[in-house]
Amino acid sequence: MADMSVNEPLRKSPRIGPNAILQLEEPLDRMLGQGALAQILKITRVAMPSGKEMVPQEDVGLVHHTMWRLFPEQAGTLSDRAGVGTARYIAANRIPKAARVMLRILPRVWAERMLTKAISDHAWTFCGSGALDTRRENGEIHFMLRENPLADKVTQPPHRCIWHAAVFAELFSLVLGRPYYCKEVSCCALGAELCHFVVSRDRPTGHFKGLQL
Ligand SMILES: [Zn+2]
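Fair warning: this is a prediction, and the values are worked out from it, not measured in the lab.

How each quantity is defined
- Residues numbered from 1 in each chain as written.
- Predicted model: local features only at pLDDT ≥ 70, side-chain atom pairs only at ≥ 80, totals over all residues.
- Heavy atoms only, no water.
- Helix = DSSP H or I, 4+ residues; strand = E, 2+ residues; numbered from the N terminus.
- Rg over C-alpha atoms; globule rule 2.2 N^0.38 Å.
- Buried < 20%, exposed > 50% of the residue type's maximum accessible area, 1.4 Å probe, protein only.
- Contact = heavy atoms within 4.5 Å.
- Areas by Shrake-Rupley, 256 points an atom, 1.4 Å probe, with all protein chains shown as cover.
- Lys, Arg positive; Asp, Glu negative; His and termini not counted.
- Charge placed at Lys NZ, Arg CZ, Asp CG, Glu CD.
- Salt bridge = Lys/Arg side-chain N within 4 Å of Asp/Glu carboxyl O.
- Expected span 1.5 Å × (residues − 1).
- Arc of directions from axis to C-beta.
- Donors = N, O, S within 2.8 Å, 3.2 Å for Na, K, Ca; no water.
- Tetrahedral: all angles 85-135°; square planar, octahedral: opposite > 155°, others 65-115°.
- UniProt positions renumbered as here; feature names shortened; annotations may be inferred.
- Axes fitted to C-alpha atoms, helices over the stretch in contact; angles between N-to-C directions.
- Parallel < 35°, antiparallel > 145°, perpendicular 65-115°, else oblique.
- Nonpolar A, V, L, I, M, F, W, Y, C, P; charged D, E, K, R; others polar.
- pLDDT = per-residue confidence, 0-100.

1. So, the overall build of the protein chain
Broken down by element type, the protein chain carries 10 helices and seven strands. Its C-alpha atoms give the protein chain a radius of gyration of 17 Å, within 12% of the compact-globule value 17 Å for 213 residues. Expressed as lengths along the three principal axes of its C-alpha atoms, the size of the protein chain is roughly 50 × 50 × 35 Å. The buried share of the protein chain, taken over its 213 residues, is 46%. Partitioning the contacts of the protein chain with sequence separation of at least 6, the portion at a separation of at least 24 is 66%. Summing over all exposed atoms, the protein chain offers an accessible surface of approximately 11,200 Å²; the carbon and sulfur share of this is 53%. Of the side-chain charges in the protein chain, 27 are positive and 21 negative, and the distance between the mean point of each set is 5 Å.

Encoded structure:
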């Protein structure tokens, strides 16, 4: 029998870090009024995360997708800001200070490779049951997320995974100390086989940029 004690996340139903919900609160309150997140949680019957425990990925998807249906005009910005907030939390709390210092002084390519590996190793915290593969090509970092549990296949018109793109862009920007951008070039929500994110230092037009203050 397999040793089920070695990998906590595989033992439970797929879960995602609570920040995927909690980081919606500040932008929702600011853009739509205080208590907006609580209202969405009430509608979806999802409990407010304690911040100490992972939350079921179905709950995260339900909250995000309901927000898109209720506030289609604002949802893109809200998702972007929540992704930035999540990346900032991860950078501050999940990457040891010594590693952050080292990543800033290493040659850029080495630092990018190390950060890509760190993200990949902890992918379950923001990808749930999705399978994340990475590759490097022409100086760009590719994240291929198969079966992305947060891809919104319900809302019409369909939209890309802005929250994930913002998490990737801000993680690279914040940890490596210079602006990075993320473009999702294919998306499960738009009928593709996988969600494919490309992180680079080249500024694409109309896409997500880290370090937006
Ligand atoms: Zn997607």
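Picking up after the structure, the text goes on.
2. Details of the pattern of salt bridges
Under the criterion given, the structure shown has eight salt bridges. Residue Arg30 pairs with Glu26 through a salt bridge whose shortest N-O separation is 2.8 Å. You can see Arg30 and its partner Glu26 sitting in helix H3 (residues 25-32), four residues apart, about one turn around the helix. A salt bridge links Glu112 to Arg108; the shortest N-O distance between them is 2.8 Å. Of this pair, Glu112 and Arg108 both sit in helix H8 (residues 108-121), separated by four residues, roughly a single helical turn. Of the residues examined, Glu112 reaches a relative accessible area of 1% and is grouped as buried.

3. Focus: H8
In this model, H8 (14 residues) spans 20 Å end to end at C-alpha, consistent with the 20 Å of a helix rising 1.5 Å per residue. Buried within H8 we find Ala111, Glu112, Leu115, Thr116 and Ile119. Around the axis of H8, the buried residues are gathered within 135° of arc, so they sit on the same side. Pointing more than 90 degrees away from the buried face of H8 are the exposed residues Trp110 and Lys117. On its buried face, H8 is in contact with helix H7 (97-105), helix H9 (124-127), strand E3 (131-137), strand E4 (140-146) and helix H10 (162-176).

4. Description of the coordination of the zinc ion
All of the protein donors around the zinc ion are Cys161 (SG), Glu184 (OE), Cys187 (SG) and Cys195 (SG); their distances to the metal are 2.0 to 2.3 Å. Coordination at the zinc ion is tetrahedral: its four donor atoms span angles of 100 to 117° at the metal. In primary sequence terms, the donor set of the zinc ion follows C-x22-E-x2-C-x7-C. Taken together, the residues Cys161 in the loop between E4 and H10 and Cys195 in strand E6 (residues 194-200) connect sequence positions 34 residues apart. Accessibility expressed as a relative area gives 0% for Cys195, which makes it buried.

5. With respect to the UniProt feature "domain: 4-vinyl reductase 4VR" (unreviewed entry) in the protein chain
Under the UniProt annotation, "domain: 4-vinyl reductase 4VR" (unreviewed entry) lies at residues 140-201. As annotated, residues 140-201 has a helix share of 24% and a strand share of 32%, and its two end C-alpha atoms lie 8 Å apart.

6. Considerations on the environment of Phe197
The residue Phe197 is located in strand E6 in this model. Spatially, the C-alpha atom of Phe197 lies 17 Å from that of Asp121, the residues being 76 residues apart in sequence. Here Phe197 is in contact with Ile141, His142, Phe143, Leu145, Cys161, His164, Ala165, Phe168, Cys182, Lys183 and Glu184, once residues within four sequence places are set aside.

7. Digging into the packing of H7 against H10
Axes are the key here: two packed helices are described by the angle between their axes and the distance separating the axes. For the pair H7 and H10, interaxial distance at closest approach is 8 Å and the crossing angle is 85°. When the axis of H7 is compared with that of H10, the two are roughly perpendicular. Across from Arg100, Leu103 and Arg104 in H7, the residues of H10 making contact are Leu174, Val175 and Leu176. In the contact of H7 with H10, the residues fall into four nonpolar, no polar and two charged.

8. Description of the confidence of the model for the protein chain
Any residue range with low pLDDT should be treated as having predicted coordinates unsuitable for detailed reading. With 90% of its residues at a pLDDT of 70 or more, the protein chain has an overall mean of 90. Within the model, pLDDT remains below 50 along residues 1-10, and this stretch shows three contacts once partners closer than five positions in the same chain are excluded.

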